[in-house]
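Examination of the molecular architecture
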Amino acid sequence: MSGTLNKVMLIGHLGDEVKMHYFEGGGSIGRFPIATNESYTNKQTGERVTNTDWHNIVVRNKAAEICEKYLSKGDKIYVEGRLKNRQWQGEDGNTRYTTEVHVQDFTFLSTKKESMANAQATGQPSQTTQSSKPAQPVQHNEPTRPAEPTPSVEPDDDDLPF
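Heads up: these notes are all about the structure in this document.

Rules and cut-offs
Residues numbered from 1 in each chain as written. Predicted model: local features only at pLDDT ≥ 70, side-chain atom pairs only at ≥ 80, totals over all residues. Heavy atoms only, no water. Core = buried A, V, L, I, M, F, W, Y, C linked by side-chain atoms within 4.5 Å. Buried < 20%, exposed > 50% of the residue type's maximum accessible area, 1.4 Å probe, protein only. Helix = DSSP H or I, 4+ residues; strand = E, 2+ residues; numbered from the N terminus. Contact = heavy atoms within 4.5 Å. Pairing = 2+ DSSP bridges. Salt bridge = Lys/Arg side-chain N within 4 Å of Asp/Glu carboxyl O. Arc of directions from axis to C-beta. Phe/Tyr/Trp six-rings, centres within 6.5 Å; stacked < 30°, edge-to-face > 60°.

**Some points on the nonpolar core**
Burial of nonpolar side chains together is a common tendency in soluble globular proteins. One finds Phe32, Ile77 and Phe106 to be the most contacted residues of the largest nonpolar core, which totals 21 residues. Listing elements by their share of this core, those giving two or more residues are β1 (8–14), β3 (28–41), β4 (48–60), α1 (61–70), β5 (76–89) and β6 (95–110). Here the element with the most residues in this core is α1; it accounts for 5 residues. Apart from residues lying up to four places away in sequence, isoleucine 77 is in contact with Leu10, Ile11, Gly12, Leu14, Phe32, Ile34, Leu71, Phe106, Thr107, Phe108 and Leu109.

**As for the pairing of strand β2 (residues 19–22)**
In this sheet, β3 lies alongside β2 in antiparallel orientation, the contact comprising 4 bridges. Bridge assignment links tyrosine 22 to a residue of β3, and that residue is serine 28. The loop that links β2 with its antiparallel partner β3 comprises 5 residues; one of these, glycine 26, has a positive phi angle of about 100°.

**Re the pattern of salt bridges**
Taken as a whole and judged by the stated rule, the model has 5 salt bridges. For glutamate 100, the salt bridge goes to arginine 31, with nearest N and O atoms at 2.5 Å. Of this pair, glutamate 100 sits in strand β6 while arginine 31 sits in strand β3; the two residues are 69 residues apart in sequence, bridging distant segments of the chain. For arginine 31, a relative accessible area of 31% gives the class partly exposed. Arginine 86 is the partner of glutamate 100 in a salt bridge, and the nearest nitrogen-oxygen pair spans 2.9 Å. Of this pair, glutamate 100 sits in strand β6 while arginine 86 sits in strand β5, placing them 14 residues apart in sequence.

**With respect to α1**
Within α1 the residues assigned to the buried category are Ala63, Ala64, Ile66, Cys67 and Tyr70. In an axial view of α1, the angular spread of the buried residues amounts to 160°, which keeps them on one side of the axis.

**Observations regarding the packing of aromatic side chains**
Evaluated as defined, the whole model comprises 2 aromatic pairs. Centroid distance tyrosine 70 to phenylalanine 108: 6.3 Å. Interplanar angle 50°. Geometry classified as tilted. One end of the pair, tyrosine 70, is in helix α1; the other, phenylalanine 108, is in strand β6, with 38 residues separating them in the sequence. When the centroid spacing of 5.3 Å and the interplanar angle of 25° are considered together, the rings of phenylalanine 106 and phenylalanine 108 count as stacked.

What follows is the structure in structure tokens.
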């Protein structure tokens, strides 16, 4: 294999609100952290162990504006993109480094409002506060591609092949 691949796929929960930065030319960038968890049972103690990893997510332009509008801390999201390393000078003069996931595609999986509705329906207390954002899944591809029409297929008992 002669090529290389830089692809990241994550499903996790937002650790903070989307932080936006707007540029003079009309572009924008949004940044937010996502938490992913790994759980396993320690064989020696029988205890359940959960490790959380934090990932720095970067979205650009229209995708950033969509994320800012619909996402809140705690929401579950699928992101797909590329790893990028960045360095800058800190206020103290030291060189700082970070690794970010530059998003090419994302799908909103759940919102806090959805989680609250599900918890109320099952009679469980919710630990999140209600968000004013819609609870509908939203998918976005960057760069924007025209949406493909979804065929309306209704099952018809007369057309069954058996």
